[in-house]
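Tertiary structure, described
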Amino acid sequence: MVTLSAADPSPHDFLNYPREASLYCQLQKPITQDAFLTLASSCGDPVAAKAFADKGGGSFAEFAACFKRPGLQPPEPGNAVGYATHGIKEMLVPFGFNRRAVGDDDVRLQLAYTGICHSDIHQARNEWGGSVFPMVPGHELVGIVTEVGNNVTKFKLGQRVGVGCFVMSCRKCKSCDMSLEQYCLGDPGCIFTYNYMHADGTIEQGGYSSHHVVHQDFVLSVPEHLPIEGCAPLLCAGITVYSPMKYYGADKAGMKLGVVGLGGLGHMAVKFGKAFGMEVTVISTSPSKEQEALSRLKADRFLLSTDQAAMNKAASSLDAIVDTISAPHDIDKMCGLLGVNGKLILVGASPEPLKFHTMSIIGKRLTIGGSLIGGIEETQEMLDFCGKHGIVSDVEVIDASYVNTAFDRVVKSDVKYRFVINCQSSIVKA
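Report on the accompanying structure.

What counts, and where the lines are drawn
Residue positions are given per chain, counted from 1 along the sequence in the order it is written. Local features in a predicted model are, by the rule used here, given only for residues with pLDDT of at least 70; side-chain atom pairs are given and counted only at 80 or more, and totals for whole chains, interfaces and linings are based on all residues. Only hydrogens and water are set aside when side-chain values are computed; all heavy atoms of the structure are taken into account. A run of H or I in DSSP counts as a helix once it spans at least four residues, and a run of E counts as a strand once it spans at least two, with each numbered from the N terminus. Values of the radius of gyration come from C-alpha atoms, whereas the globule rule sets the reference at 2.2 Å times the count of residues to the power 0.38. Residue burial is assigned from relative accessible area. The probe radius is 1.4 Å, only protein chains are included, and a residue is buried under 20% of its type maximum, exposed over 50%, and partly exposed in between. Two residues qualify as a contact provided that any one of their heavy atoms is within 4.5 Å of a heavy atom in the partner residue. His is not counted, nor are the chain ends; Lys and Arg add positive charge and Asp and Glu add negative charge. Just so you know, the charge point we use is NZ for Lys, CZ for Arg, CG for Asp and CD for Glu. Residues are called lining when one of their atoms sits within 4 Å of a cavity or pocket point, these points coming from a 1 Å grid over the protein atoms alone, where a cavity is a set in which a 1.4 Å probe fits but cannot get out and a pocket is an open set with protein on both sides within 12 Å along at least five of seven lines. Grid points are joined across faces, edges and corners, and a volume is the space filled by probe spheres set on the points. Residues are grouped as follows: nonpolar covers Ala, Val, Leu, Ile, Met, Phe, Trp, Tyr, Cys and Pro; charged covers Asp, Glu, Lys and Arg; every other residue, Gly included, is treated as polar. Just to be clear on terms, a salt bridge is a Lys or Arg side-chain nitrogen sitting within 4 Å of an Asp or Glu carboxyl oxygen. Polar contacts, as counted here, are pairs of nitrogen or oxygen atoms within 3.5 Å of one another; within protein the pair requires one atom able to donate a hydrogen and one able to accept it, and residues that are adjacent in sequence qualify only if both atoms are side-chain atoms. The directions considered for the arc run from the helix axis to the C-beta atoms. As used here, the term nonpolar core means buried Ala, Val, Leu, Ile, Met, Phe, Trp, Tyr and Cys residues forming a set that is joined through side-chain atoms within 4.5 Å. We call Phe, Tyr and Trp rings a pair once their centres come within 6.5 Å, taking the six-membered ring for Trp, and we label the pair stacked below 30 degrees between planes, edge-to-face above 60, and tilted otherwise. Strands qualify as paired when DSSP identifies two bridges or more between them.

Describing the overall build of the protein chain
Along the backbone of the protein chain there are 17 helices and 21 strands. For 430 residues, the compact-globule estimate of 2.2 N^0.38 gives 22 Å, and the protein chain sits close to it at 22 Å. Along the first, second and third principal axes, the C-alpha set of the protein chain runs to 70 × 50 × 40 Å. Counting across all 430 residues of the protein chain, residues that qualify as buried make up 56%. Long-range pairs, those at least 24 residues apart, make up 67% of the contacts in the protein chain between residues at least 6 apart in sequence. The centroid of the 38 positive side-chain charges in the protein chain is displaced by 5 Å from the centroid of its 44 negative side-chain charges.

Examining the layout of surface pockets
Within this model, the largest pocket holds a volume of roughly 1300 Å³. Looking at the lining of the largest pocket element by element, the count peaks at four residues for helix α6 (residues 118-124). Residue composition of the lining of the largest pocket, by class: 24 nonpolar, 22 polar and four charged. One number sums up the size of the second largest pocket: a volume of about 430 Å³. In terms of lining residues, the second largest pocket is bounded by 18 residues, among which Asn98, His198, Thr202, Ile203 and Glu204 are the most central. When contributions to the lining of the second largest pocket are tallied by element, the ones reaching two or more residues are β4 (93-97), β8 (166-168), β11 (203-204) and β12 (211-215). Broken down by element, the lining of the second largest pocket gets its largest block of residues, four residues, from β12.

Considerations on the side chain of lysine 364
Inspection of the secondary structure assignment puts lysine 364 in the loop between α14 (358-362) and β19 (367-370). Buried within the structure, lysine 364 lacks any salt-bridge partner; aspartate 332 is the closest side chain of opposite charge, at an N-O distance of 10.0 Å. At a separation of 2.5 Å, a polar atom in the side chain of lysine 364 contacts the main-chain carbonyl oxygen of leucine 338. Among residues more than four places away in sequence, those in contact with lysine 364 are Ser316, Cys335, Gly336, Leu338, Gly339, Val340 and Asn341.

Some details on empty space enclosed by the protein
In total, this model carries one cavity of 30 Å³ or more according to the counting rule given. In this structure, the largest cavity spans a volume of roughly 70 Å³. Per-class residue counts for the lining of the largest cavity are seven nonpolar, three polar and no charged.

Observations regarding helix α4 (residues 46-54)
Along α4, the positions that sit buried rather than exposed are Ala49, Phe52 and Ala53. Seen along its axis, α4 keeps its buried residues to an arc of 95 degrees; they face one direction. Opposite the buried face of α4, by more than 90 degrees, sit the exposed residues Val47 and Asp54. Tucked inside the fold, the buried residues of α4 contact β1 (3-4), α3 (33-43), β2 (57-58) and α5 (60-65). Taking the backbone nitrogen of valine 47 as reference, a side-chain oxygen 3.0 Å away marks aspartate 45 as the first, capping residue of α4.

Observations concerning the nonpolar core
One finds Ile116, Tyr208, Val241, Met245, Phe272 and Ile421 to be the most contacted residues of the largest nonpolar core, which totals 101 residues. Broken down by element, the residue count for this core peaks at six residues, all from helix α10 (residues 264-276). The residues contacting phenylalanine 272, other than those within four sequence positions of it, are Gly238, Val241, Tyr242, Met245, Met382, Phe385, Cys386 and Ile391. Residues Leu4, Leu23, Cys43 and Ala49 belong to the second largest nonpolar core, which totals 20 residues.

Points about the packing of aromatic side chains
This model, assessed by the stated rule, comprises 20 aromatic pairs. Relative to phenylalanine 67, the ring of phenylalanine 36 has its centre 5.8 Å away and its plane inclined at 85 degrees; by these criteria the two rings are edge-to-face. Linking phenylalanine 36 in helix α3 with phenylalanine 67 in the loop between α5 and β3 (80-84), this pair joins segments that are 31 residues apart in sequence. For phenylalanine 67, a relative accessible area of 0% corresponds to the buried category. Between tyrosine 208 and phenylalanine 407, the aromatic rings sit 6.4 Å apart at their centres with planes inclined by 65 degrees, giving edge-to-face as the arrangement. Separated by 199 residues along the polypeptide, tyrosine 208 in the loop between β11 and β12 and phenylalanine 407 in helix α16 (residues 403-411) bring together distant segments of the chain.

With respect to the pairing of strand β6 (residues 141-148)
A large share of β6 lies buried, amounting to six of its eight residues. Taken together, the seven bridges between strand β5 (residues 106-115) and β6 define a ladder with antiparallel strand orientation. Bridged to threonine 114 within β6 is leucine 141. Where β6 meets strand β7 (residues 160-163), four bridges bridge the pair, whose relative direction is antiparallel. Paired with glycine 143 across the bridge in β7 is valine 161.

Quick notes on unusual backbone geometry
Residue proline 188 is bonded to the preceding aspartate 187 through a cis peptide linkage, with omega at 10 degrees. Mapped onto the fold, proline 188 is located in the loop between α7 (174-177) and β9 (191-192). For the peptide bond that leads from lysine 416 to tyrosine 417, omega is -10 degrees, which places it in the cis range. Within the secondary structure layout, tyrosine 417 lies in the loop between α16 and β21 (418-422). The phi torsion at serine 179 lies on the positive side, around 60 degrees, for a residue other than glycine. With respect to the helices and strands, the residue serine 179 is situated in the loop between α7 and β9. Under the relative-accessibility criterion, serine 179 is labelled partly exposed at 21%. At asparagine 195, a position not held by glycine, the phi torsion is positive, near 60 degrees.

Spelled out as structure tokens, the structure:
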């Protein structure tokens, strides 16, 4: 076992060694030598860690020394470091910038992992228009609380937390009153985690970074017993499918659910559907998805949408479909799979308009609906549900230096099913 001379990092330790204190909090207690050395091999100095472990531990300062490593040295000054793109066709590179000081209602979280969402690529490449540069992407953040403001009551030092797609709203409008902050109608509206310019010209920067400072009302509690890296994509991919499944009633045991597309969103929809007790069919144009759908994700059925005979056989067999495709595709074909009163739920953001024949929905009283992430209350509900059912995203963990390659692989659907950046190992403030 590896032990500290004091039971836990002190407030002084969290203030002076935020990254190292965060790493300590992620180790299961009591700390085994193997777990300690494994963490040190990816985030610290293995030689110093071995010497520390061999003597059974020591002070927190000695523990922290085991995790010192060279930090990023971007040309820009700042109290934070990250990876940013400076223009539409530019690569992401190390970038220095300033986070605000911790205010009375703020929480500072040392970032452990940040997921890569396809929308990060759309915005970094200005495929949706309106992108603001320089841009540090990332809205699937998980980390450890290392500092809290005087008025903070919801979180404490050392707690595992997350931040999703937005960090503030007006909190006064009709949408905010209904805990639907993502649809905020007030001033300044929903402030997204990145790609947002404030009135004073400062730019909100995201989670491909060393730390973040966020108002406590927009911070979420992450289940302590789940693998932390697998929790990051829950903050976007997870809530993006969970929220509409709940809203449209596609969450009842025994219902027949279709999931179109087996990527970051789709695999989460399958997991939620199974946890709800639904009969899940994965629908894909790729025959290679069949084995992973049935064996890896435990879907009940696989339907190849290019097999017209199979599609005909499955006609009117589903109660609801979660459609995660973010490109133009045949909506009428999906409607054909739904029974009377069926619901087609669109969560993929296609850059081009989708078309369908009105008779496809009139003939069976179908509903076509959409959804944008979820509010803070519902996102916390989703995280608690994941904790209860042991649900996390399937991830491939990478260093930040790999992010440009990861972007290209996401576009090619070459990941199962979400890239997650190890911020604590590769985005270190010098």
